[in-house]
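# A closer look at the structure
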Amino acid sequence: MKKEIAMAIVDFASPSRFLKFADRAIPWLGGVTVLAFAFAINQAMIAPDDYQQGATVKIMFLHVPGAWLGMLGWALMTLAALGTLVWRHPLADVTAKAAAPVGAAFTLMCLVTGSLWGRPMWGAYWVWDARLTSVLVLFLLYLGVIALWRTVEDPSRAARAAAILTLVGALDLPIIKFSVDWWNTLHQPASVFRLGGPTIDRSILIPLLVMALAFTLLFVTLLVAAMRNEILRRRVRTLRLMQASAAS
Amino acid sequence: MEPANHIGFIVAAYAAATVVIGALAAWVTLDYRAQLRRLADLELKGLTRRSASKRSELAMRQAKEDA
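Residues numbered from 1 in each chain as written. Chains lettered and ligands numbered in written order. Predicted model: local features only at pLDDT ≥ 70, side-chain atom pairs only at ≥ 80, totals over all residues. Heavy atoms only, no water.

## Some points on helix α1 (residues 7-44) of chain B
- The terminal C-alpha atoms of α1(B), which comprises 38 residues, lie 55 Å apart, in line with the 56 Å expected from a rise of 1.5 Å per residue.
- B:Gly46 sits one or two residues past α1(B) and shows a positive phi near 90°. (Helix = DSSP H or I, 4+ residues; strand = E, 2+ residues; numbered from the N terminus. Expected span 1.5 Å × (residues − 1).)

## Some thoughts on the interface of chain B and chain A
- The interface is formed by 27 residues belonging to chain B together with 41 residues belonging to chain A.
- The contact between chain B and chain A buries some 3,200 Å² in all, and 78% of this surface belongs to carbon and sulfur atoms.
- Broken down residue by residue, the surface that chain B buries against chain A is led by B:Phe9, B:Tyr14 and B:Arg49, which jointly contribute 20%.
- The interface formed by chain B and chain A contains one salt bridge.
- In this structure, B:Asp31 engages A:Arg233 in a salt bridge whose closest nitrogen and oxygen atoms are separated by 2.9 Å.
- Linking chain B to chain A there are four residue pairs in polar contact (both at pLDDT 80 or more). (Contact = heavy atoms within 4.5 Å. Buried area = accessible area lost by both parts, 1.4 Å probe. Salt bridge = Lys/Arg side-chain N within 4 Å of Asp/Glu carboxyl O. Polar contact = N/O pair within 3.5 Å; in protein donor to acceptor, adjacent residues only side chain to side chain.)

## Description of the packing of aromatic side chains
Residue and element names in this part refer to chain A.
- Evaluation of the coordinates by the stated rule reveals nine aromatic pairs over all chains.
- Seen from their ring centres, Phe-37 and Phe-215 are 4.9 Å apart, and the 90° between their planes marks the pair as edge-to-face. Residue Phe-37 is located in helix α2 (residues 15-46), and its partner Phe-215 is located in helix α8 (residues 202-247); the two are separated by 178 residues in the primary sequence.
- Between Trp-126 and Trp-128, the ring centres sit 5.4 Å apart and the planes meet at 80°, which makes this aromatic pair edge-to-face.
- Pairwise contacts between aromatic rings join Phe-37, Phe-106, Phe-215 and Phe-219 into one cluster. (Phe/Tyr/Trp six-rings, centres within 6.5 Å; stacked < 30°, edge-to-face > 60°.)

Here it is in structure tokens:
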């Protein structure tokens, strides 16, 4: 029974089935994302100013989801890396490759908005603080994985090399999360996911969570679309190889 | 703290986020169109994947049977 369930999952996760699923899901995901953003931006705009940070707290509605999704992207790539190395599943390679630019973009959004928030609050666009530096390392790891995928011609060889780099890079995730506890940082400690509950007032926490939900929907939509592109790219590659072998 | 003093930073943050995520969405969309165009070009040259051509044969057979 267990074997049958496992086989059903493997069969469902075949690239051809995923393409059919993506074609049906992307318009719906896109529509729901637009609606979620319409609501989330409205919530963000009517949220009150913070008693200390004033209106700049509105930057948090971009910065925090960017940080969460940048880390989620790498966590997803880590699971996919296990899928590549242990089960050698083709959709795991596709997921890992497609998630890299999506995760990199959200990490970049986190860094840029954090910098623009830091200048008025700390008086500096950048400090070599443990949290900021570990997130910068995550962004550089993303760029490294993207470069690796582009450098190695054979997708299965590239997948194995990228999977190893991804697993090593996953060590950065707990460093990012706990950097504010392990070191004395200028960056504030955790204020949402912490023992004892969030320290943010509901009037700001709810718009933040709604915005995070909208960005998560956008992340999923872009990831599914990027995975579809990658499957099509591999089909193009296969046909070109067939064309080349027929010509020789 | 005067929020008006920092409006430029807030606007810049939202503009930067729009540019970064907008560029990603545009790249994904353009990439999809490019892959579809490449596949269509290859199919015009008579190249199809074995599994795809089997499916096409089956579909044609089914259509003939239906007719």
